[in-house]
Amino acid sequence: VATVNTVPSITGTTPGSNCGTGSVTLGATASAGTINWYAAATGGSSLGTGVTFNTPSIAVTTTYYVDATNGGCTTASRTAVVATINTEPTITGTTPDSNCGTGSVTLGATASGGTINWYAAATGGSSLGTGTTFNTPSIAVTTTYYVDATLGGCTTATRTPIVATINAIPTITGTTPGSVCGTGTVTLGATASAGTINWYAAATGGSSLGSGISFTTPS
């Protein structure tokens, strides 16, 4: 009996990808026989067999190759299957901001690439917005927001915190008027809930005449 064995063919391939360095799972199908995986288009030893192949850990996009053997017959050439390594984006800078009293605060962030996403928590939750700037809702207390970036299906490993600071508006808590008999200087006083007390000659506008809890007027 003269047996004619069918030369197998690769009927389909499934490339794979990974975010950053790691192993990539590739796939292939054949008309018959055993699928063999290689690191080169010709020569070299088989890296493995089967319809799937887990690459070693790779840091850059790498092409692997498959053929099939059946009854002593091998496909005429090997078929390329690409294992893609996508760059994982990073947050490269953040811009915190502040507001005096309750209100919205404008925060900023930059990334190595992709889309910047804003969140209310370090993990989980839905995105509050996208872009290099984010206007918070009206807040009454200092609040931490978080950003990550997505690029080609890859997301930064962790979210980066950015603080929206609410500074308390100081109040004048007390004043001490003064007097003088005839022309001369008068010493006035004031206290505040916090911060530096500034003295002026007008209710609005003008430059500060001095600072501190007491002020001696000109004559």
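See the structure above.
The rules we used
- For every chain, the first residue of its written sequence is number 1, and the numbers climb from 1 along that sequence.
- For this predicted model, a pLDDT threshold of at least 70 governs which residues receive local features, and a threshold of 80 or more governs which side-chain atom pairs are given and counted, while totals over whole chains, interfaces and linings are taken from all residues.
- Side-chain measures here rest on the full set of heavy atoms in the structure, leaving out hydrogens and waters.
- The secondary structure listing takes helices from DSSP runs of H or I that are at least 4 residues long and strands from runs of E that are at least 2 residues long, numbered from the N terminus.
- Radius of gyration means the value over C-alpha atoms here, while the globule rule gives 2.2 Å times the residue count to the 0.38 power.
- Partly exposed residues are those whose accessible area sits between 20% and 50% of the maximum for their type, while under 20% is buried and over 50% is exposed, using a 1.4 Å probe and protein chains only.
- Any two residues whose heavy atoms approach within 4.5 Å at even a single point are treated as in contact.
- Note on areas: these come from Shrake-Rupley sampling with a 1.4 Å probe, and a residue is covered only by the protein chains present in the view.
- Pairing between strands requires that DSSP locate at least two bridges from one strand to the other.
- Inter-axis angles, ranging from 0 to 180 degrees, are taken between N-to-C directions of lines fitted to C-alpha atoms, where helices are fitted over the stretch in contact.
- Side-chain rings of Phe, Tyr and Trp, where Trp is taken by its six-membered ring, are said to pair if the distance between their centres is within 6.5 Å; with planes under 30 degrees apart they count as stacked, over 60 as edge-to-face, and otherwise as tilted.
- Charge over a ring is defined by NZ of Lys or CZ of Arg lying within 6 Å of the ring centre and within 35 degrees of the ring normal.

*Asks:* What should I look at first to understand the overall build of the protein chain in this one?
*Replies:* Helices and strands together make up the secondary structure of the protein chain, namely 0 helices and 23 strands. At 35 Å, the protein chain has a C-alpha radius of gyration far larger than the 17 Å of a compact globule built from 219 residues. Scored against the burial criterion, the 219 residues of the protein chain give a buried share of 29%. A sequence separation of at least 24 residues applies to 54% of the contacts in the protein chain between residues at least 6 apart. Approximately 12,300 Å² of the protein chain is accessible, and the part contributed by carbon and sulfur atoms is 54%.

*Asks:* Is there a simple way to explain the side chain of T136 in this structure?
*Replies:* In this structure, T136 sits in the loop between β15 (133-135) and β16 (143-151). On the basis of relative accessibility, which here comes to 3%, the residue T136 falls in the buried class.

*Asks:* Hey, could you run me through the sheet that holds strand β10 (residues 91-95) in this one?
*Replies:* Whenever strands of a sheet pair, they do so through backbone hydrogen bonds, lying parallel or antiparallel. If you trace the 3 strands from one edge of the open sheet to the other, you get β10-β12-β15, paired in antiparallel fashion. Among the strands making up the open sheet, the edge pair consists of β10 and β15. Put simply, the sheet's adjacent strands are angled 20° from each other on average, direction ignored. Pairing between β10 and strand β12 (residues 106-111): 4 bridges, direction antiparallel. Bridged to G93 within β12 is T110.

*Asks:* Sorry if this is basic, but what is going on with the packing of aromatic side chains here?
*Replies:* Geometrically, a pair of aromatic rings is defined through the distance of the ring centres and the angle of the planes. What the rule picks out here adds up to 5 aromatic pairs. Stacked on the ring of Y38, the Lys or Arg R78 has its end atom at 3.5 Å from the ring centre. Directly above the ring of Y119 sits R159, whose terminal nitrogen or CZ lies 3.5 Å from the centroid.

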